[in-house]
Amino acid sequence: MDFLREIQELRQFFRSGRTRSVAWRKKQVKALLQLIHDNEQAIFEALRQDLGKHPVEAYRDEIGVVEKSANNSLNHVEKWMAPRKSHVPFLFFPAKGEVISEPLGVVLIFSSWNFPISLALDPLIGAISAGNAVVLKPSEQAPACSSLLAKTIPHYLDPDAIKVIEGGADVSEQLLLQRWDKIFFTGSSRVASIVMTAAAKTLTPVTLELGGKCPAILDSLSSPSELKTAVKRIVGGKWGPCSGQACIAVDYVLVEEKFAPVLIELLKKFIRRFYGDNPKESKVTARIVNKQHFQRLCNLLKDPLVVNSIVHGGSVDEEELFIEPTILLDPPLDAQIMTEEIFGPFLPVITVNQIQESIEFINSRPKPLTLYAFTKDETFKRKIVSETSSGSVSFNDTLVHFLCETLPFGGVGQSGFGRYHGKYSFDTFSHEKAILHRKLFLEIEPRYPPWNQLKMQF
Ligand code: NAD
């Protein structure tokens, strides 16, 4: 595999300066919107083939996300690009300061398979809005979506500046040997460390959008209807996105022991309401992506102590790559299901004596991508924010913070670093260049040698 020529072409095109104009950037983003509109049915079909996603879920989590992001960029990119005046302290008089966002150059985007359209195109929107040339490497584990992107993107977007390169780990490793101005990676921490090691050799900046275990704290809420809403949102945030195969899916719930039975009954009620009495037959649940991940998930249930903790579900069908929405009550804390990101349809409920203990529980584990907490207690909310560390905190809802483009999205610690969405995407793919304009008068002579006692007094 020799990508050198293709990357050189991108670099030449970038150097021509054509990606810098606002007209070029907007044209590309509009073309991306057109691609989505013209190929909506093909996208639904590819998502069905790769993940069994229902078109409504596919629209909500993939097409809708991309449309929202593209429209936001079209509405704001001129403002984002505008040079910003910067206050210069009097000491520097006479001077003016400004900051301009310049494109980084040729950037590489790796996406993952669970949202194979939106996690490829959303960073792409950021990269082209910021005026970069791009190589997109979609995940090989969603082959229908990868192939659709590779076929359609060159027809809609400028092929001199945006290329899609398909392939697995071998292709990715070759790509990592090339020189990039930025690598934006969405995926696992295992591969992230390969990416970062390669990037370190050329001092290439990276953004790592990773995963981890996102806890949900369920405090006792004051009314039964609030409790129902909270549990409904937990069910939506666990099984709703791609059957739990989502970086921001609820990984486990922390609840006071005395509320666990009520929680479990409500979880079962909403599972039945959303997925029917026989979830396998409902066309609503996405499938596990492939046999390897299916096996990984089944292995999480191998420990007899884990199996004994199942209080709902647990059935699997390898042929159909189906795993039933499954609830576990207090599985052993040192079992894999509680030490690794689940990334699938199992929901452990972990009981604590006092809900305040959940802070210590979370702090004893790697920093989550998102921490969810359902509570009306303002003191507890402040404690959660100030005493824990996570990429984001979302109170009284799940998932929707991902759609809020005015908030940065990204991890901290093992859940990654860097952030994107909205203006943050633009910034992630830009260099903020500082410019100082001075005048050629008003010299302060003591700044120059020769040094003497008098100059020491300044
Ligand atoms: P992955 O790390 O296996 O793959 C991600 C990308 O890396 C793919 O494009 C893949 O082709 C490439 N890759 C695979 N092997 C490679 C290698 N040896 N060298 C270089 N590149 C290689 O991750 P995945 O299975 O696609 O995604 C699951 C993980 O991603 C989960 O941990 C999940 O939490 C995380 N995730 C995070 C976000 C986020 O926005 N933070 C979103 C989705 C998924």
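Given the structure is predicted, the values throughout are model-derived calculations rather than measurements.

## With respect to the overall build of the protein chain
No. 1: Secondary structure assignment for the protein chain yields 17 helices and 18 strands.
No. 2: For 458 residues, the compact-globule formula gives about 23 Å, and the C-alpha radius of gyration of the protein chain, at 25 Å, lands near that figure.
No. 3: Its C-alpha atoms give the protein chain principal-axis dimensions of roughly 80 × 55 × 40 Å.
No. 4: Nonlocal contacts in the protein chain, meaning residues at least 24 apart in sequence, comprise 68% of its contacts between residues at least 6 apart.

## Points about the nonpolar core
No. 1: In this structure, Val 107, Ile 109, Ile 117, Leu 124, Val 134, Leu 218 and Val 253 are the most contacted members of the largest nonpolar core, which totals 109 residues.
No. 2: At 7 residues, helix α5 (residues 118-129) tops the list of elements feeding residues into this core.

## Quick notes on the site of the ligand
No. 1: Near the ligand lie 30 residues; those nearest to it are Ser 112, Ser 172, Gly 187, Val 191 and Gly 211.
No. 2: Broken down by secondary-structure element, the contributors of at least two residues to the shell around the ligand are α7 (169-176) and α8 (189-201).
No. 3: Top element by residues in the shell around the ligand is α7. It accounts for 4 residues.
No. 4: The residue inventory of the shell around the ligand, partitioned by class, reads 12 nonpolar, 13 polar and 5 charged.

## Considerations on α8
No. 1: Along its 13 residues, α8 runs 19 Å from first to last C-alpha, staying within 8% of the 18 Å computed at 1.5 Å per residue.
No. 2: Positive phi appears at Leu 203, one or two residues downstream of α8, with a value of about 55 degrees.

## Looking at the environment of Gly 237
No. 1: Here Gly 237 shows up in helix α9 (residues 224-238).
No. 2: As a C-alpha pair, Gly 237 and Tyr 372 span 135 residues in sequence and 9.8 Å in three-dimensional space.

Calculation notes
- What you see as residue numbers is a count from 1 along each chain, following the sequence as written.
- Local features in this predicted model are restricted to residues of pLDDT 70 or higher, and side-chain atom pairs are both shown and tallied only at a pLDDT of 80 or more, whereas totals for entire chains, interfaces and linings draw on every residue.
- Secondary structure is summarised from DSSP: a helix means a run of H or I of at least four residues, a strand means a run of E of at least two, and numbering begins at the N terminus for each.
- As a reference, a globule follows 2.2 Å times the number of residues to the power 0.38, and the radius of gyration itself is taken over C-alpha atoms.
- Placing a C-beta atom from the backbone of each residue, one calls two residues in contact when those atoms lie within 7 Å.
- Only buried residues count toward a nonpolar core: Ala, Val, Leu, Ile, Met, Phe, Trp, Tyr and Cys, linked into one set through C-beta atoms within 7 Å.
- Each residue is classified by how many other C-beta atoms fall within 10 Å of its C-beta atom, where C-beta atoms are placed from the backbone; a count of 20 or more means buried, 12 or fewer means exposed, and values in between mean partly exposed.
- A molecule or strand has a residue near it when that residue's C-beta atom, placed from backbone coordinates, lies within 6 Å of it.
- Any residue that is not Ala, Val, Leu, Ile, Met, Phe, Trp, Tyr, Cys, Pro, Asp, Glu, Lys or Arg is counted as polar, Gly included; the first ten are nonpolar and the last four charged.
- The span you would expect from a helix comes to 1.5 Å times its residue count less one.

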